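Each chain, written out:
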Amino acid sequence: MAGTNRSKADLAAALPAGPAVVLVQPQLAENVGAVARAMANFGLTELRVVKGRADIGSETARAFAAGAHHVLDAAQAFETLEDAVADLTLLFATTARERGQFKPVDTPEQAAVRLAAHAGRAGVLFGRERAGLENDEVARAGRIVTFPVNPAYASLNLAQAVLLVGYEWFKAATGGAPAFDAARRSPDATETEKLALFRHLEGELDETGFFRSEDKRAIMIRNLRNMIHRMEPTRQDLQTLHGAVAALSEGRPGPGGRPRKLLKPAAEE
């Protein structure tokens, strides 16, 4: 399935228990499946569903889960919100609207830090696709989490909201390190090696008349050197550039045996 890699270790088993994702009366199986996929992306495994029209065991839900079937298979169904949150000691309610309820409001990042540090069982409430959570449902939570979105279009898809919370929780629980590091295959170039390239390049540019203005020559050389310094080149990078300069300066034949054009002089400013 898309998004799955059975050869990789599942970090969910090594992480502390994440918050329970509590869906209040979801209407579409597609959305529940997409929620399961978002949860699996970020190591969340506990899905609780308060009675709604969505069939969480349907093939539609499984198709939209894109391989996150373990989340759906372990999902718990509850008749009431009270039953779904009875064992939780920290509960957030997600909402995009100010509800006139005096309680702490966190961003997803702030909420994630609290959730990751909480020693007991925690959960996050997500409302219906069309109307979100009702005021009495928000009132069940100790804190509110809201998303910094465009106020003119603040409505999020259910799975999008779960994904944002899951992403921030995963960062807080793992330290936010990248999933992989693209290791350099060649050692960094030394200053001596860079100087050799500068001399090669500048010598060939001199030969072709690139530095047409002696007054500007020093500035142009400085700019060229700074450009290459910003690359933080490896030895392999310098070898490639040496070869490119040599090929251009020697006018080696191109396709069809036609000679290549030499480097053109810079235009006068």
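Note that the structure is a prediction, hence the values are computed from the model and not measured.

Colleague: Could you give an account of the overall build of the protein chain, with specific residues and numbers?
Modeller: Looking only at helices and strands, the protein chain has 10 helices and seven strands in total. Expressed as a percentage of contacts within the protein chain between residues at least 6 apart in sequence, the contacts between residues at least 24 apart total 81%. Summed over all atoms, the accessible surface of the protein chain reaches about 16,200 Å², with 52% contributed by carbon and sulfur.

Colleague: Tell me about the nonpolar core, and name the residues and values.
Modeller: One finds Val-21, Leu-23, Val-35, Met-39, Leu-47, Phe-126 and Val-162 to be the most contacted residues of the largest nonpolar core, which totals 38 residues. The greatest single-element share of this core, amounting to seven residues, is contributed by helix H7 (residues 158-174). Residues contacting Leu-23, with those up to four places away along its chain left out, are Val-32, Val-35, Leu-47, Arg-48, Val-49, Val-50, Phe-126, Leu-158 and Val-162.

Colleague: Outline the packing of aromatic side chains, supporting the account with residue identities and numerical values.
Modeller: Enumeration according to the criterion identifies three aromatic pairs in this entry. Considering the side-chain rings of Phe-42 and Tyr-167, the 5.7 Å spacing of their centres and the 70° angle between planes classify their relative orientation as edge-to-face. Of this pair, Phe-42 sits in the loop between helix H1 (29-41) and strand S2 (47-50) while Tyr-167 is found in helix H7, placing the two residues 125 residues apart along the sequence. Given a relative accessible area of 15%, Phe-42 falls into the buried group.

Colleague: Mind laying out the side chain of Glu-168, listing which residues take part and the relevant values?
Modeller: As for its placement among the helices and strands, Glu-168 is situated in helix H7. The buried category is assigned to Glu-168, whose relative accessible area is 14%. Apart from residues lying up to four places away in sequence, Glu-168 is in contact with Pro-108, Glu-109 and Ala-112.

Colleague: Which residues make up unusual backbone geometry, and what are the values?
Modeller: A positive phi angle, near 50°, is found at Ala-66, a position not held by glycine. Examined against the element boundaries, Ala-66 turns out to sit in the loop between helix H2 (59-65) and helix H3 (69-73). One non-glycine residue, Glu-232, lies in the positive phi region at around 50°. Along the chain, Glu-232 turns up in the loop between helix H9 (214-231) and helix H10 (235-250).

Colleague: So what's going on with the packing of helix H8 (residues 191-207) against H10? Which residues, and what values?
Modeller: Packed helices, taken two at a time, are described by the angle their axes make and the gap between the axes. For the pair H8 and H10, the least separation of the axes is 10 Å and the interaxial angle reads 15°. Regarding the angle of H8 to H10, the classification is roughly parallel. Handedness of the H8/H10 crossing: left-handed. Each of Glu-193, Lys-194, Ala-196, Leu-197, His-200, Leu-201 and Glu-204 in H8 lies in contact with H10, whose residues at this interface are Arg-235, Leu-238, Leu-241, His-242, Val-245, Ala-246 and Ser-249. Residue composition of the contact of H8 with H10, grouped by class: seven nonpolar, three polar and four charged.

Colleague: Could you give me a rundown of the environment of Phe-102, with the residues and numbers involved?
Modeller: Of note, Phe-102 is situated in the loop between strand S4 (90-94) and strand S5 (105-106). The class for Phe-102 is exposed, based on a relative accessible area of 88%. Note: C-alpha distance between Phe-102 and Ala-139 (37 residues apart in sequence) is 9.6 Å.

Colleague: Before we move on, could you go through the sheet that holds strand S6 (residues 122-126) and cite the residues and values that matter?
Modeller: In spatial order, the strands read S3-S2-S1-S6-S4-S7-S5; together these seven strands make up an open sheet with parallel pairing. Of all the strands in the sheet, the pair left with one neighbour each is strand S3 (76-78) and S5. Pairing analysis gives four bridges linking strand S1 (residues 20-24) to S6, with the strands arranged parallel. Each residue of the ladder has a partner; that of Leu-23, found in S6, is Phe-126. Along the sheet, H1 contacts S1 and S2; its crossing angle with S1, the most-contacted strand, is approximately 165°.

Colleague: I'd like a description of helix H5 (residues 108-117), backed by residues and values.
Modeller: If you check which residues of H5 are buried, you get Pro-108, Ala-111, Ala-112 and Leu-115. Viewed end-on, H5 has its buried residues packed into an arc of 100°, placing them on one side of the element. Elements in contact with the buried residues of H5: S4, S5, S6, strand S7 (143-145) and H7.

Colleague: Can you lay out the pattern of salt bridges for me, pointing to particular residues and giving the numbers?
Modeller: Scanning all chains against the criterion turns up 14 salt bridges. The residue Asp-106 makes a salt bridge to Arg-114 at a minimum N-O spacing of 3.1 Å. Classification of Arg-114 as partly exposed rests on a relative accessible area of 39%. With its nearest N and O atoms 2.9 Å apart, the salt bridge here joins Lys-194 to Glu-191. One end of the pair is Lys-194 and the other is Glu-191, both in helix H8 and three residues apart, which spans about a single turn. Three or more residues joined by partner-sharing salt bridges are found here, namely Glu-46, Arg-48, Asp-87 and Arg-121.

Cut-off values and rules
Residues numbered from 1 in each chain as written. Predicted model: local features only at pLDDT ≥ 70, side-chain atom pairs only at ≥ 80, totals over all residues. Heavy atoms only, no water. Helix = DSSP H or I, 4+ residues; strand = E, 2+ residues; numbered from the N terminus. Contact = heavy atoms within 4.5 Å. Areas by Shrake-Rupley, 256 points an atom, 1.4 Å probe, with all protein chains shown as cover. Core = buried A, V, L, I, M, F, W, Y, C linked by side-chain atoms within 4.5 Å. Buried < 20%, exposed > 50% of the residue type's maximum accessible area, 1.4 Å probe, protein only. Phe/Tyr/Trp six-rings, centres within 6.5 Å; stacked < 30°, edge-to-face > 60°. Axes fitted to C-alpha atoms, helices over the stretch in contact; angles between N-to-C directions. Parallel < 35°, antiparallel > 145°, perpendicular 65-115°, else oblique. Left-handed = near helix turned anticlockwise from the far one by under 90°. Nonpolar A, V, L, I, M, F, W, Y, C, P; charged D, E, K, R; others polar. Pairing = 2+ DSSP bridges. Arc of directions from axis to C-beta. Salt bridge = Lys/Arg side-chain N within 4 Å of Asp/Glu carboxyl O.

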